[in-house]
Amino acid sequence: MRKLAALLVLLLAACGGDEAPPPTFHGDNNPQRLSDWGMMAADQDALQLGDGVTPYDLATPLFTDYALKLRTVWMAEGAATYDPEDAFDFPVGTVLTKTFFYPVKGDEWTGAVSYGDEHTVKDGVMTLDGYRLMETRILVRRDAGWAALPYIWNDDQTDAVLKRTGAVMPLTLHRPDGRAEDFAYVVPNANQCAACHATNAITKALQPIGPKARHLNKRSTFSPAFNQLDYWIAAGLLTGDFTDDATAKQSADWTDGSLPLAARARAYLDINCSHCHNPGGAADTSGLDLEPDATGPAMGHCKSPIAAGSGSGGRPFDIVPGHPEQSITVFRMETTDPGAMMPELGRSTAHDEGVALVAQWIAEMEGACG
Amino acid sequence: MKFWIIAAAALALTACGEKATTSTPADASYQETLMTQLLDAQPGDIIEIPEGTFSFDRSLSLAVDGVTIRGQGMDKSILTFKDQVAGAEGLIVTASDFTIEDLAIEDTKGDALKITKGENIIIRRVRTEWTGGPKTSNGAYGIYPVQTKNVLMEENVAIAAADAGLYIGQSQNVVVRNNRAEYNVAGIEIENTMDADVYGNVATNNTGGILVFNMPNLSQPGARTRVFNNDVTNNNTKNFGHKGTPVASIPAGSGVVVNSNDQVEIFGNRITGNKTANIIVASVYSSGLSQDGMSADFDPYPEGIYVYDNELGDGGKNPDGLDLQALKIAKFGPLGALPDVLWDGFVNPDKRDGAALPLTEILCVQNDGSEIINVDAPNGYKNPRLAARDHDCAMEKLTPITLTGPLAE
């Protein structure tokens, strides 16, 4: 009988109660609950980051159906090694999280979501009143490489549960101009995570996409006295051959109208497209390269499609200078047909503001396709 | 004692469980099963698809080497994507040593089956179909291996793709045999691929039957394709491809088309009833591409094309497109027909020692009684001429493809 009592205590302890576990690296098992990682805990009123879990953000983020995002980094030990171009080299034991959430439209949760201004953690806490947590994706660096795990938040908004096959959730987006639009919010399955994160399609090794020097090189949202790269160095998250933020590459903030149009458009295409559209990426089958340094036909200038099918939208070239309405790039961003749209994964709605930016960039280009 | 432990454990687990209600979508029975099998697959696994029709709302994907997916037959195990809301393919495979056989993939929003960057790939007795027939809104490709090596595609059926039914791109060492392609824009397309044998296939009622293409801006140019012993008949379906795509420029009524590719051998085929021309040899310049949009190292000229011993007939009677229609009427009369072999006439003026190649290194035709027309496309079709005598020559024959490794026969 004593055995039974001990077992009960053990089982109940496993339930967790109110005590959130500390941040934990799971090197070879995939916990069923997000809370087992200890990166964050939520109790309906607020989401609290675990000890030593650092939030970060990007100069220009990936568009995901207007979801707001909270990104964190935590390392069991050690620090990431700086790289001027590619994703930093993170040590085994690194856990990156990205939590997707929406401002709720209305008082009750009915699946109606709206645009929202940036909402994020302050001193490790993010208020949840008026917000709905959708999913948290974990990228964990294990001995064998990075692994990607999608967790879906429960209805109570108290924890998220592993769902390796992903999910489709019907939502309604309320746009600022009053239009309401039903859409399918899609949580990727674990293989689809790789569709973006295997940035080199030959090695098929998963890589983080956001934590690159150029995306992080901005004023820190969370410690505004610091540049974010400097903050990572100061916090011991980053080491290596880093001189200073002034000489490191820097992506433009796509919303910052004071920056050159081309820089903003290229930053947008970089973060949204270049994980596949790079010379070793999954989309090199198309011959289109949307990394920031690509030029000429490689970046779409007067380039015919290869295997676009309906993705051509009946237009002749990826970019027709001066003519966004004739450019396939713009069509692929506007459409929500799964067989034609770009990116292939990660959105079911059109990003009107992103489309407008790229269209304006093409509209102001000079020349023609001869 | 044992009972109590179980009951207590159950109680404790229930207590946990209540907190963990998830928002899993309701009906996802076989979709969840197959997705999980694909995620958990280990090398050597055979994933059996039972008999039945199964519906999916998202793409399927496989990223593990050494897996076989096997159905019970292309009319028995049917994966339908009519209700697809996300994903650009039906099934995408990013793995090597992959076999898929005996099933059907229907009505995907984009491509039906895409396989990228793998080696040792077998695609056998798979049917890909858009069940509403040829429509521009159909997905682009039926069966689509790209950047693959050592590939066998056999006894498949591809119907109503808005680009190509069976398409192999940027690949090496490929055998495409005994397939059937119908009501696609392109029946079978070999693009930027090195060393392919295409034989024993039936391509009928497509816009173009069998295409051997090279496109600019890609990782490799293609060369060395043998197209033989195929049945390429009545490919007269109106082009329903999307404007802007390379196949949208294929005239309806094209039998076998070579575009900008080199060393292509076309022999022993039955190519009949294709109303523009049974065989077309052309440059990318005839496809409406922008010269500003081509990588500098791209070679747009077809060279080393050898046509012999085919059964050709009943072609060229009603060519698609105003230029060719006008040319036919002017040259052969309203009741006449364009010759069996049509060449657009683009040559590289600076290929060797500052001069063009002799015609006998560009195109040889030894096909009993077949006439060739050079349509003079570089000069706006001003001076089309019959040219059989210029091309009565032979070329060195290509070596048959040998599949290797696990595909060796």
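Note that this is a predicted model, so its numbers are computed, not measured.

## So, the overall build of chain B
- Helices and strands together make up the secondary structure of chain B, namely four helices and 31 strands.
- Referenced to the eigenvectors of the C-alpha coordinate spread, the extents of chain B come out at roughly 100 × 40 × 40 Å.
- For chain B, buried positions account for 54% of its 409 residues.
- If you take every contact in chain B between residues at least 6 apart in sequence, the share linking residues at least 24 apart comes to 63%.

## Let's talk about the overall build of chain A
- Scanning chain A from N- to C-terminus turns up seven helices and 14 strands.
- Taken over the C-alpha trace, chain A has a radius of gyration of 21 Å; the compact-globule value for 370 residues is 21 Å, and the two agree within 12%.
- When the backbone C-alpha atoms are referred to their principal axes, chain A occupies close to 85 × 50 × 40 Å.
- In chain A, which comprises 370 residues, the proportion classed as buried is 48%.
- Sequence-distant contacts, at least 24 apart, represent 56% of the contacts inside chain A between residues at least 6 apart.

## Considerations on the sheet that holds strand 9 (residues 131-142) of chain A
Residue and element names in this part refer to chain A.
- Taken in spatial order, the six strands line up as 3-4-6-9-10-11 in an open sheet, and their pairing is antiparallel. One side of each edge strand has no neighbouring strand; the edge strands of this open sheet are strand 3 (54-56) and strand 11 (160-162). Taken pair by pair, the neighbouring strands of this sheet meet at an average axis angle of 30°, ignoring direction.
- Here strand 9 runs beside strand 10 (residues 145-153); their pairing, made up of eight bridges, is antiparallel. Its bridge partner being in strand 10, Ile138 is matched across the sheet by Leu149.

## A word on the confidence of the model for chain A
- Confidence along chain A averages 92 in pLDDT terms, with 95% of residues attaining 70 or more.
- Here residues 1-17 of chain A scores under 50 on pLDDT; set against residues more than four positions off or in separate chains, the count is 14 contacts.

## Structural notes on the interface of chain B and chain A
- At the interface, 59 residues of chain B touch 59 residues of chain A.
- Broken down by secondary-structure element, the contributors of at least two residues to the side of chain B that touches chain A are helix 1 (2-19), helix 2 (29-40), strand 3 (58-62), strand 6 (86-93) and strand 10 (141-146) of chain B.
- For the side of chain B that touches chain A, the element with the most residues is helix 1 of chain B, which contributes eight residues.
- Residues that form the side of chain B that touches chain A fall into these classes: 25 nonpolar, 25 polar and nine charged.

## Quick word on unusual backbone geometry
- With an omega of -10°, the peptide bond between A:Met342 and A:Pro343 qualifies as cis.
- Looking at the secondary structure, you find A:Pro343 in the loop between helix 6 (328-334) and helix 7 (352-363).
- Phi at B:Asp314 is positive, roughly 60°, even though this residue is not glycine.
- Within the secondary structure, B:Asp314 sits in the loop between strand 27 (311-313) and helix 3 (322-332).
- Phi at B:Asp376 takes a positive value of approximately 60°, unusual for a residue other than glycine.

## Points about the domain arrangement of chain A
All names here are of chain A.
- The domain architecture assigned to chain A consists of domain 1 (22-216) and domain 2 (252-363).
- Relative to domain 2, the C-alpha centre of domain 1 lies at a distance of 24 Å.
- Each partner contributes to the interface: domain 1 provides 26 residues, whereas domain 2 provides 20 residues.
- Of all elements in the fold, only strand 13 (180-187) and helix 2 (190-197) reach the threshold of two or more residues within the side of domain 1 that touches domain 2.
- Sorting elements by how many residues they give to the side of domain 1 that touches domain 2 places strand 13 first, with five residues.
- Its residues placed into classes, the side of domain 1 that touches domain 2 shows 18 nonpolar, six polar and two charged.

## With respect to the pairing of strand 9 of chain A
Residues and elements named next belong to chain A.
- Burial runs high along strand 9: 10 of the 12 residues are buried.
- Pairing of strand 6 (residues 94-103) with strand 9, which is carried by nine bridges, proceeds in the antiparallel orientation. Of the residues in strand 9, the one forming a bridge with Thr97 is Ile138.
- Here strand 9 hands over to strand 10 after two residues, the two strands then running antiparallel side by side.

## Considerations on the sheet that holds strand 8 (residues 125-127) of chain A
Residue and element names in this part refer to chain A.
- Taken together, the three strands give an open sheet; going across it, the order is 1-2-8, and neighbouring strands pair in antiparallel fashion. Since the sheet does not close on itself, it has two edges, and those belong to strand 1 (40-42) and strand 8, each with one partner. Put simply, the sheet's adjacent strands are angled 15° from each other on average, direction ignored.
- Of the pairings in the sheet, the one linking strand 2 (residues 46-49) to strand 8 comprises three bridges and is antiparallel in character. Bridged to Gln48 within strand 8 is Val125.

## Focus: the nonpolar core
- Formed by 202 residues in total, the largest nonpolar core has its most connected members in A:Val358, B:Tyr141, B:Ile143, B:Ala161, B:Leu166, B:Val176 and B:Ile279.
- For this core, the two domains that each supply at least three residues are domain 1 (22-216) and domain 2 (252-363) of chain A.
- With residues near it in sequence (within four places) discarded, B:Leu166 still touches B:Gly142, B:Ile143, B:Met153, B:Asn156, B:Ala158, B:Val176, B:Asn179, B:Ala181 and B:Ile188.

## Some remarks on helix 7 of chain A
Residues and elements named next belong to chain A.
- Taking 1.5 Å of rise per residue, the 12 residues of helix 7 would be expected to cover 16 Å, and the 16 Å separating its terminal C-alpha atoms lies within 8% of that figure.
- Within helix 7, burial applies to Gly354, Leu357, Val358, Trp361 and Ile362. The arc enclosing the buried residues of helix 7, seen along the axis, measures out at 130°, which places them on a common side.
- In this structure, the buried side of helix 7 is in contact with helix 5 (261-273) and helix 6.

Quick notes on the rules
- Residues numbered from 1 in each chain as written.
- Chains lettered and ligands numbered in written order.
- Predicted model: local features only at pLDDT ≥ 70, side-chain atom pairs only at ≥ 80, totals over all residues.
- Helix = DSSP H or I, 4+ residues; strand = E, 2+ residues; numbered from the N terminus.
- Buried ≥ 20, exposed ≤ 12 C-beta atoms within 10 Å, placed from the backbone.
- Contact = placed C-beta atoms within 7 Å.
- Rg over C-alpha atoms; globule rule 2.2 N^0.38 Å.
- Pairing = 2+ DSSP bridges.
- Axes fitted to C-alpha atoms, helices over the stretch in contact; angles between N-to-C directions.
- pLDDT = per-residue confidence, 0-100.
- Nonpolar A, V, L, I, M, F, W, Y, C, P; charged D, E, K, R; others polar.
- Domains from an automatic or database assignment.
- Core = buried A, V, L, I, M, F, W, Y, C linked by C-beta atoms within 7 Å.
- Expected span 1.5 Å × (residues − 1).
- Arc of directions from axis to C-beta.

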